[in-house]
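# Commentary on secondary and tertiary structure
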Amino acid sequence: MIALVVCLVSTIENSLYASVGWSVLVLLARVARPKVKILKRSAAGPWVDPLIEGPKIASSVTDAPEGILVFKIEESLTYPNSGFFADRLKETVLEKFRYTGSIKAASEKMWSDDTQERALARDKLGLETLPVLRAIVLDFSSVNYVDYTGLQALLDSKDDLTRYAGRPVQFHFVNVHRGYLGTVLRVPGITTTAASVDATPSAQEGKAVGALSKYFKKGDAVSIHDSFEHNLQYFHYTIDDAVAAADEESRSYLTETVEVVAKE
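The following paragraphs examine the structure supplied in this document. (Residues numbered from 1 in each chain as written. Predicted model: local features only at pLDDT ≥ 70, side-chain atom pairs only at ≥ 80, totals over all residues. Heavy atoms only, no water.)

Pairing within the open sheet is mixed, and its 5 strands lie in the order β1-β4-β5-β6-β7. Either end of the sheet is taken by a strand with one partner, and the two such strands are β1 (36-38) and β7 (235-236). Relative to strand β6 (residues 170-174), strand β5 (residues 135-139) is paired through 5 bridges, and the arrangement is parallel. Pairing of leucine 138 across the sheet is with phenylalanine 173, part of β6. Across the sheet, helix α5 (residues 82-96) touches β1, β4 (68-73), β5 and β6, and the angle it forms with β4 is around 150 degrees. (Pairing = 2+ DSSP bridges. Helix = DSSP H or I, 4+ residues; strand = E, 2+ residues; numbered from the N terminus. Contact = heavy atoms within 4.5 Å. Axes fitted to C-alpha atoms, helices over the stretch in contact; angles between N-to-C directions.)

What follows is the structure, encoded as structure tokens:
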């Protein structure tokens, strides 16, 4: 359509330039701002986004267990969109889950971090009782590649959500492609904060606490370091398996929450 309009008011050559330029802009916009979905289980079995599937399917979906978020990004997780992914995940958690982290003074936080204030302000309004965050299930069936910036975004998100929940929040992965499995395997096992991890390829051992380069074997992108074999328990073939594992692992958090509410 762009080519036709430009061809009518200009030359055929300019119409070709316009159509190619428009295609590039659309591609860049799609990569930088990919679709993200919050999935729920349909009556037929598959996990779907009710907002996209329509009212007929939306009326028959079942939410994930309390405190578990099933999140899907429909694009490779790379430099252009890693920040967008992290922001959307954080915004979704802020919208759907209660803040249970420790209350910190302004001097203890980054100047740009207003998550605590926004969460507490919402809670004071008493509009709704939100569940506590227990685990994140990430559907990577549409992710064909994860680069080092995407890896850092996952680490930063895990760090942020751990502070938000006041306890470790595990990420469970579904449909991770073999080509970047060796990269994403680092996420569940990181015990230091994301800020202390250097996820760039040039990171040297000892350059930063928990530098990731020592876990990569040159020439074998899918090889798994022995110390990370236990992380495979966080990788699943289906969303149902991931949700069941996350529910089983974090079920004690619900009991702790009930006890805290009773004391209050």
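What follows concerns the pairing of β5. Of all 5 residues that make up β5, 5 are buried, and the element is covered over most of its length. Burial of the side chains of β5 extends over both faces: Ala135, Val137 and Asp139 are buried on one face and Ile136 and Leu138 on the other. In the sheet, β4 pairs with β5 via 5 bridges, with the strands oriented parallel. Within β5, the position partnered with leucine 69 by the bridge is isoleucine 136. Taken together, β5, helix α7 (residues 148-165) and β6 constitute a β-α-β crossover, and its handedness is right-handed. (Buried < 20%, exposed > 50% of the residue type's maximum accessible area, 1.4 Å probe, protein only. Right-handed = clockwise from strand over helix to strand, strands pointing away.)

Take unusual backbone geometry next. Across residues other than glycine, the phi torsion is negative in most instances, and most of the peptide bonds are trans. Even without a glycine there, the phi angle at asparagine 175 is positive, about 60 degrees. For asparagine 175, a relative accessible area of 31% gives the class partly exposed.

On to the environment of valine 143. Mapped onto the secondary structure, valine 143 falls in the loop between β5 and α7. With 65 residues separating them in the primary sequence, valine 143 and threonine 78 have C-alpha atoms 9.7 Å apart. Dropping the residues within four chain positions of it, valine 143 is found in contact with Ile73, Glu75, Ser76, Leu77, His177 and Tyr180.

Once that is clear, we can look at a nonpolar patch on the surface. On the surface, Met1, Leu4, Val5, Leu8 and Val9 cluster together into a nonpolar patch covering about 600 Å² of accessible area. Within the fold, leucine 8 resides in helix α1 (residues 2-9). (Patch = residues over 30% accessible without salt bridge, like charges linked within 9 Å, V, L, I, M, F, W, Y side chains within 5 Å. Areas by Shrake-Rupley, 256 points an atom, 1.4 Å probe, with all protein chains shown as cover. Salt bridge = Lys/Arg side-chain N within 4 Å of Asp/Glu carboxyl O.)

Right, let's get into the environment of isoleucine 57. Looking at the element boundaries, isoleucine 57 is found in helix α4 (residues 55-58). Along the primary structure isoleucine 57 and serine 42 are separated by 15 residues, whereas in three dimensions their C-alpha atoms are 6.9 Å apart. Beyond its immediate chain neighbours, meaning those up to four positions away, isoleucine 57 contacts Ser42 and Val48.

Interaxial distance between α5 and α7 falls to 9 Å at its minimum, and their mutual angle equals 20 degrees. In terms of axis orientation, α5 runs roughly parallel to α7. Viewed along their axes, α5 and α7 form a crossing whose handedness is right-handed. When α5 is examined against α7, the residues Ser82, Phe85, Ala86, Leu89, Val93 and Leu94 are found in contact with a partner set consisting of Thr149, Gly150, Ala153, Leu154, Ser157, Leu161 and Tyr164. (Parallel < 35°, antiparallel > 145°, perpendicular 65-115°, else oblique. Left-handed = near helix turned anticlockwise from the far one by under 90°.)

No statement about biological role is implied by the geometric values presented.
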